[in-house]
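Fold and geometry: a report
So the chains spell out like this:
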Amino acid sequence: MLRAELTKQLGGFSLDCTIEAEPGRTLVLVGESGSGKTTVLRLLAGLLQPDAGHIASGGQVWCDTRTGKLSPPEDRPIGYVPQDYALFPHLSVLENVAFGLRATGAHRREAHAQARDVIRRFGIEALAGRTPAQLSGGQQQRVALARALALEPEVLLLDEPLAALDAETRNTVRGELRRLLASLPCVTVFVTHAPLEALVFGDRIAVLEHGRVAQVGDQMTLLRQPRSRYVATLVGLNLLPGRVRARDPGGAVTLETPRGLITVMDAAPGDQLFVAVSPEQVFLSLEPPEGSARNVFVGAVEELVPEPPFGDRIRVVLGPDPPFFVEITAAAARQLQLAVGRRVYAAFKATSVAAYA
Amino acid sequence: MTRPSWRHPAREALCRLIVLGLAAVLAALLALPLLSLLVRVPIATLLAEVGEPPVREALWLSLRTSLAATALAALLGLPMAHLLATRRFPGKAALEVLLDLPLVLPPTVAGFALLMAFGRAGLVGRALSVMGISLPFTTAGAVLAQLFMSVPLFIVAARAGLTAVSSRYLDAAATLRASRAYTFWRVRLPLALPNIVAGLGLCWARALGEFGATITFAGNLAGRTRTMPLAVYLELQQNLGAAATLSLLLVIMASVLLVAMRQAGLGLFAPLHAARRAD
């Protein structure tokens, strides 16, 4: 079990977060660049010192600013894979992997034998004599992982491990890495800005925004009930903050949002709720809609984006701020003669809105 | 009426001519003396003179003293370069000035200062002479004079190289449980090695060519302190052939060093700029 409470001031940026991760599990820290993900990793590794905080893993305290305890990186049982891998350019693959073993006192021969076992398990034995400059991106990534895991760390820290790879390599490496991480007994903390990676790798996912944890949960919680605009955009939902105005005995609840009043059929208790609307459940029309939809917004088209793979569906961005996303078929868009600047009515049913705390 | 524009073809041609002309003058100024040396000493003379005692003695002494000075510079300079590259401490600026001083000091002044310190009546020299150690007018004194004048070049180069090693590698080493000392030997030093080797090259060339400090502090004693530059100076008045041979040998050694450094991807002053192209 890894538990860390960290605060750190860096220039104008302030980090204040608590994270927990379990052995054999992967905690993903996901957030935009500048959200503090890498800072958290460097604090866990001991490469940065927190202004205040406490880090403990497996019953050992690594850092406690109240008692002044601060273990340097070399005293922490971690494996760290930085974003650019930082393989030693003057050492061979074998020597890179053996580096930690030799640094902790193993003799050259013994360290090399052990390192050879490790790279065999990673399927890169054939590369043993090469230097990092002679490796492809995918191979470098494996060497970096092998090097970090050779010392059998308690906590594995991965900083955007797939970011340095080209798109094609990334797809194959993603699956391999997923299987590897699932087989490891250690705590893994995985940092990424890519929502897909967060969903693929995260047994638990913590969303970092401006140095704070905006939401923690498993994949399903994040997909269904995002609690920040960033996550909502990641998973493709419209997210609005809503204040409860009225609760109807029949179950209908009316909320005030920055876009206007919204009625939902089923809402969690509380006054302040999140309101999520799926873009596919919204209908567009040029005239005020008639019929069963109880929620109607008026907006101007700001952007029309064809969706992959075939462009059969179009993502419509409605202004003014905050942007509201609607997804319709290309045929419907043609019929409505949608163009940027056009005023439209967006309607959705009370039953297609989720309201949660 | 408009004045002739800078873009007028005749003007452009004139400017180009001036630039090329001045560059040619400078190149000739540097090349002519060296060429004259070559013309002055036929290969046969060179080979014959190298075997003659005055040349052979000076060559042998120069090689020994300059290599000794370079070895000492590495031994004493590397810890200093490491301190300067990795630490901040009070008095650092003063120390840097002290280390740069020999680069701009007239060598005779350096030699005189050495005499004041290590001479028989000098500050340290008196204590040393009680122990039966005497530096002035000895081969060891010549080495000390060369070290004094050349070690700053090594420190500047080595420091730039050590500074330029990216912290990414040092961080990676720390997370692999490496102590600071282990990280220095296995990561920082090998990655800075090209600059350190270039610094040794610079240092050696400077030691080899040292004249003023050596003659002031160590004198001009055949076989003991008469290094090649001193022998050139002496033979100029006695035996022009020997002087020319020694000069040509020095030019050849310096040229070989420069070419070797370029081949290794190191310009003479590249190591001094290493910190700027860090990463």
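Residues numbered from 1 in each chain as written. Chains lettered and ligands numbered in written order. Predicted model: local features only at pLDDT ≥ 70, side-chain atom pairs only at ≥ 80, totals over all residues.

So, the overall build of chain B
Of regular secondary structure, chain B possesses 12 helices and 0 strands. From first element to last, N terminus to C terminus, chain B shows the α and β order α-α-α-α-α-α-α-α-α-α-α-α. Its C-alpha atoms give chain B a radius of gyration of 23 Å, more than 25% over the compact-globule value 19 Å for 279 residues. Within chain B, buried positions represent 37% of all 279 residues. (Helix = DSSP H or I, 4+ residues; strand = E, 2+ residues; numbered from the N terminus. Rg over C-alpha atoms; globule rule 2.2 N^0.38 Å. Buried ≥ 20, exposed ≤ 12 C-beta atoms within 10 Å, placed from the backbone.)

Side note on the interface of chain A and chain B
Across the contact, 18 residues belong to chain A and 14 residues belong to chain B. Elements that contribute at least two residues to the side of chain A that touches chain B include exactly strand 7 (78-81) and helix 2 (93-103) of chain A. Ranked by the residues each element gives to the side of chain A that touches chain B, the list is headed by helix 2 of chain A, at 3 residues. Within the side of chain A that touches chain B, the residues separate by chemical class into 12 nonpolar, 3 polar and 3 charged. (Contact = placed C-beta atoms within 7 Å. Nonpolar A, V, L, I, M, F, W, Y, C, P; charged D, E, K, R; others polar.)

So, the sheet that holds strand 13 (residues 253-257) of chain A
Residue and element names in this part refer to chain A. Read from one edge of the open sheet, 5 strands run 14-13-12-15-21, paired in antiparallel fashion. The outermost strands of the open sheet, each flanked by one partner alone, are strand 14 (260-264) and strand 21 (353-356). The average angle at which neighbouring strand axes cross in this sheet is 40 degrees, direction not considered. One ladder, built from 4 bridges, connects strand 12 (residues 238-247) with strand 13; its direction is antiparallel. Residue Ala-246 lies in a different strand from strand 13, and its bridge partner there is Thr-254. (Pairing = 2+ DSSP bridges. Axes fitted to C-alpha atoms, helices over the stretch in contact; angles between N-to-C directions.)

Describing the packing of helix 3 (residues 53-86) of chain B against helix 12 (residues 240-263) of chain B
Residue and element names in this part refer to chain B. Helix 12 packs onto helix 3 with a crossing angle of 30 degrees between their chain directions and a minimal axis gap of 10 Å. In terms of axis orientation, helix 3 runs roughly parallel to helix 12. Seen along the crossing, helix 3 lies across helix 12 with a hand that is right-handed. Of the residues in helix 12, those in contact with Pro-54, Val-55, Ala-58 and Leu-59 of helix 3 are Ala-242, Thr-245, Leu-246 and Leu-249. Within the contact of helix 3 with helix 12, the residues separate by chemical class into 7 nonpolar, 1 polar and no charged. (Parallel < 35°, antiparallel > 145°, perpendicular 65-115°, else oblique. Left-handed = near helix turned anticlockwise from the far one by under 90°.)

Some thoughts on the nonpolar core
Counting 147 residues, the largest nonpolar core has Leu-44, Val-97, Ala-146, Leu-157, Val-189 and Val-275 of chain A together with Phe-154 of chain B as its most contacted members. Other than its neighbours up to four places away in sequence, Val-97 of chain A contacts Ala-115, Val-118, Ile-119, Val-143, Ala-146, Arg-147 and Ala-150 of chain A. Membership of the second largest hydrophobic core comes to 15 residues, among which are Val-41, Leu-230, Ala-231 and Val-232 of chain B. (Core = buried A, V, L, I, M, F, W, Y, C linked by C-beta atoms within 7 Å.)

What about helix 5 (residues 167-183) of chain A?
Its 17 residues give helix 5 of chain A an end-to-end C-alpha distance of 25 Å, which sits within 8% of 24 Å, the value for a rise of 1.5 Å per residue. Along helix 5 of chain A, the largest kink reaches about 30 degrees and is centred on Val-173 of chain A. (Expected span 1.5 Å × (residues − 1). Bend = angle between axes of the 7 residues up to and from the residue.)

Details of the packing of helix 7 (residues 139-164) of chain B against helix 9 (residues 180-209) of chain B
All names here are of chain B. Running from amino to carboxyl end, helix 7 crosses helix 9 at an angle of 155 degrees, the nearest separation of the two axes being 8 Å. Here helix 7 is positioned roughly antiparallel relative to helix 9, judged by the angle of their axes. The way helix 7 lies across helix 9 gives a crossing that is right-handed. Contacts between helix 7 and helix 9 involve Gln-146, Met-149, Ser-150, Val-151, Leu-153, Phe-154, Ala-157, Ala-158, Ala-160, Gly-161 and Leu-162 on the former and, on the latter, Arg-188, Ala-192, Pro-194, Asn-195, Ile-196, Ala-198, Gly-199, Leu-200, Leu-202, Cys-203, Arg-206 and Ala-207. Taken together, the residues that form the contact of helix 7 with helix 9 break down as 16 nonpolar, 5 polar and 2 charged.

Looking at the sheet that holds strand 5 (residues 60-64) of chain A
Residue and element names in this part refer to chain A. Read across the open sheet, the 5 strands follow the order 2-1-4-5-6; overall the sheet is antiparallel. Every other strand in the sheet has two partners, leaving strand 2 (13-21) and strand 6 (69-70) as the edge strands with one partner each. Note that strand 1 (residues 2-10) and strand 2 share 9 bridges and pair antiparallel. Counterpart to Arg-3 in the pairing with strand 2 is Glu-20. Against the sheet, helix 1 (residues 37-45) makes contact with strand 1, strand 2 and strand 4 (52-57), and its axis sits at roughly 115 degrees relative to strand 1, the strand it touches most.

Considering the pairing of strand 10 (residues 204-209) of chain A
Residues and elements named next belong to chain A. Of the strand pairs in this sheet, strand 3 (residues 26-30) and strand 10 are connected by 4 bridges, and their pairing is parallel. When the bridges of strand 10 are listed, Leu-29 appears paired with Ala-206. Across 5 bridges, the pairing between strand 10 and strand 11 (residues 212-217) is antiparallel. For Ala-206, the partnering residue across the bridge sits in strand 11 and is Val-216. Linking two consecutive strands that pair antiparallel, namely strand 10 and strand 11, is a turn of 2 residues; a positive phi of about 50 degrees is found at His-210 within it.

Re the confidence of the model for chain B
Of the residues in chain B, 93% reach a pLDDT of 70 or more, and the chain-wide mean stands at 89. Note on residues 274-279 of chain B: pLDDT is under 50 here. Beyond four places in sequence and across chains, it has 10 contacts. (pLDDT = per-residue confidence, 0-100.)

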